[in-house]
Amino acid sequence: MTLTIPPDLLPRDGRFGCGPSKVRPEALAALAAVGDTLLGTSHRKPRVKDQVARLRTGLAALFDLPEGYEVLLTVGGATAFWESAAFGLVEQRARHYVFGEFSSKFAKATAAAPWLEDPDVIAADPGSRPAASPAPGCDVQAFTHNETSTGVMQSPARLDEALVLVDATSGAGGLPVDLSAVDVYYFSLQKGFASEGGLTVALVSPAAVARIEHLATSGRYIPTFLDLKTALDNSRKDQTYNTPSVSTIFLAAEQVEWMLASFGGLEGAVEAQRAKAATVYGWAQDRGFAAPFVTDPEARSLVVATIDLDDTVAADEVNKVLRANGVLDTDAYRKLGRNQLRLGMFPAVDAADLSAYTACVDWIVERLVP
Ligand SMILES: *Cc1c(COP(=O)(O)O)cnc(C)c1O
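A few points on the structure. Predicted model, so just to flag it, every value in this text is computed and none were measured.

Reading the values: the criteria
Residues numbered from 1 in each chain as written. Predicted model: local features only at pLDDT ≥ 70, side-chain atom pairs only at ≥ 80, totals over all residues. Heavy atoms only, no water. Helix = DSSP H or I, 4+ residues; strand = E, 2+ residues; numbered from the N terminus. Buried < 20%, exposed > 50% of the residue type's maximum accessible area, 1.4 Å probe, protein only. Polar contact = N/O pair within 3.5 Å; in protein donor to acceptor, adjacent residues only side chain to side chain. Contact = heavy atoms within 4.5 Å. Arc of directions from axis to C-beta. 1 Å grid on protein atoms, 1.4 Å probe; cavity = no way out; pocket = protein on both sides within 12 Å on 5 of 7 lines; lining within 4 Å. Points joined across faces, edges and corners; volume = space filled by probe spheres on them. Nonpolar A, V, L, I, M, F, W, Y, C, P; charged D, E, K, R; others polar. Pairing = 2+ DSSP bridges. Axes fitted to C-alpha atoms, helices over the stretch in contact; angles between N-to-C directions. Phe/Tyr/Trp six-rings, centres within 6.5 Å; stacked < 30°, edge-to-face > 60°. Lys NZ or Arg CZ within 6 Å of the ring centre and 35° of its normal.

### Here's the deal with the side chain of Arg54
Checked against the element boundaries, Arg54 lands in helix 2 (residues 46-62). Assessed through its relative accessible area of 18%, Arg54 is described here as buried. Looking at Arg54, its side chain comes within polar contact range of the side chain of Glu257, at 2.9 Å. Dropping the residues within four chain positions of it, Arg54 is found in contact with Phe250, Ala253, Glu254 and Glu257.

Set out below in structure tokens:
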């Protein structure tokens, strides 16, 4: 038997994935409107370079970029950026805070780099976060602003002389950040910026630029594709080293301008996220069959909600009905293996649609549980 959710309960847009995120239909329409004069044209010529400039300028405004910071673009997502960082930002040893799948992957990348010392890893159980502390002997402190696999956020902090690197792939644009305490704030564009994959933005401090320039001339072998000095030289000319996805650039620029127009800046965007998160976590706390997975309210993500269900309700069954009704991608992170719903609440996702999502789950649970 398939359950048909009454149409008036359904969200207007059924995309709640944690990566990629919903792409706003208005942004897609804007791309379609310029597509035949933009896509398929040279990325070394003004039309495309103007879009890169538009993205870089928009991000500088949204993040109120501190004096001397620059917007760097690299081809390849955050996964490629971890390799770039192992080559071009870590001098000898990195401290990593590991509390889920994504934070562990960067630690694995520096552990695998034969030119670096073994990383100094501070780990916490999924659903919690490790406490940050000074790391003697480390020249990088690696944070993850939002651990997408568990829905836990961690604020970066400057605790010593090390460069502060923050993987903000899912957190950027939705979580507050004090960039003066950060040297490299990097993120792919298919989550908080509602675009497509394949490109990474890094907001870099003067100290990070100095480290990049130092390591580029240190004699260390660095593959050109992963070389941050090459990326920096190209970004300054509103280009990338090799061919980028122009639609990724365009959709991200649309999203940044929409965020500036809708929320005025990052602070306003974060306020909207707080309200959405309160709706979803409040709903879970009010239901006997559900509870937020993250027990510490301060650590609960404003962009990715993880909601545990009790034994009477199988999340797989709930997700099956949701999917059949066009409400998509709210499965728990596969390796976490919990009876859980995980939903993206990124800036592009409407508050009303999140309320509709909770109403749909209520409706399903009433029918699945006798
Ligand atoms: C999705 C994600 C990544 C991986 O991004 P790709 O663009 O697929 O490489 C890395 N870190 C975090 C925190 C993520 O959410």
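### Some points on helix 9 (residues 315-324)
Among all positions in helix 9, only Ala315, Val318, Asn319, Val321 and Leu322 are buried. Relative to the axis of helix 9, the buried residues are bounded by an arc of 160° and lie together on one face. Helix 9 presents Asp316, Lys320 and Ala324 as exposed residues on the side facing more than 90 degrees away from its buried surface. A positive backbone phi angle near 85° is found at Gly326, which sits one or two residues after helix 9.

### Thoughts on empty space enclosed by the protein
One pass over the full model with this rule turns up 2 cavities of 30 Å³ or more. The calculated volume of the largest cavity comes to roughly 90 Å³. Thr74, Val75, Phe225, Ala231 and Tyr241 are the residues nearest the centre of the largest cavity, which is lined by 14 residues in total. For the lining of the largest cavity, the secondary-structure elements that each account for two or more residues are strand 1 (70-75) and helix 6 (228-235). When its residues are assigned to classes, the lining of the largest cavity shows 7 nonpolar, 6 polar and 1 charged. Looking at the second largest cavity, its volume works out to about 50 Å³. If you go around the second largest cavity, the residues you meet are Trp82, His96, Tyr97, Phe102, Ser103, Phe106, Ala142, Phe143, Thr144, Asp167 and Tyr186. Elements represented by at least two residues in the lining of the second largest cavity include exactly strand 2 (94-98), helix 4 (101-112) and strand 4 (140-144). By residue class, the composition of the lining of the second largest cavity is 7 nonpolar, 3 polar and 1 charged.

### Section: the side chain of Asn146
Relative to the assigned elements, Asn146 resides in strand 5 (residues 146-147). Exposure remark for Asn146: the relative accessible area of 2% places this residue in the buried category. A polar atom in the side chain of Asn146 sits 2.8 Å from the side chain of Ser170.

### Observations regarding the sheet that holds strand 2
Pairing is mixed in the open sheet, where 7 strands are placed in the order 1-9-8-7-4-2-3. Each of the sheet's edge strands pairs with one partner strand only, and the pair in question is strand 1 and strand 3 (120-123). Taken pair by pair, the neighbouring strands of this sheet meet at an average axis angle of 20°, ignoring direction. Here helix 2 sits on the sheet and contacts strand 1, strand 8 (184-188) and strand 9 (199-204); the angle it forms with strand 1, its principal contact strand, is near 130°.

### Re the packing of aromatic side chains
One pass over the structure, following the stated rule, counts 14 aromatic pairs. Measuring from centroid to centroid gives 5.7 Å for Phe63 and Tyr185, while their planes differ by 65°, and the two rings are edge-to-face. Within this pair, whereas Phe63 is found in the loop between helix 2 and strand 1, its partner Tyr185 is found in strand 8, the two being separated by 122 residues in sequence. Assessed through its relative accessible area of 6%, Phe63 is described here as buried. Here the aromatic cluster, defined as three or more aromatic residues joined through ring pairs, consists of Phe63, Tyr185, Phe187 and Phe193. One Lys or Arg, Arg54, reaches over the ring of Phe250 and ends 5.3 Å from the middle of that ring. The cationic tip of Arg300 hangs over the ring face of Tyr281; the distance from NZ or CZ to the ring centre is 5.6 Å.

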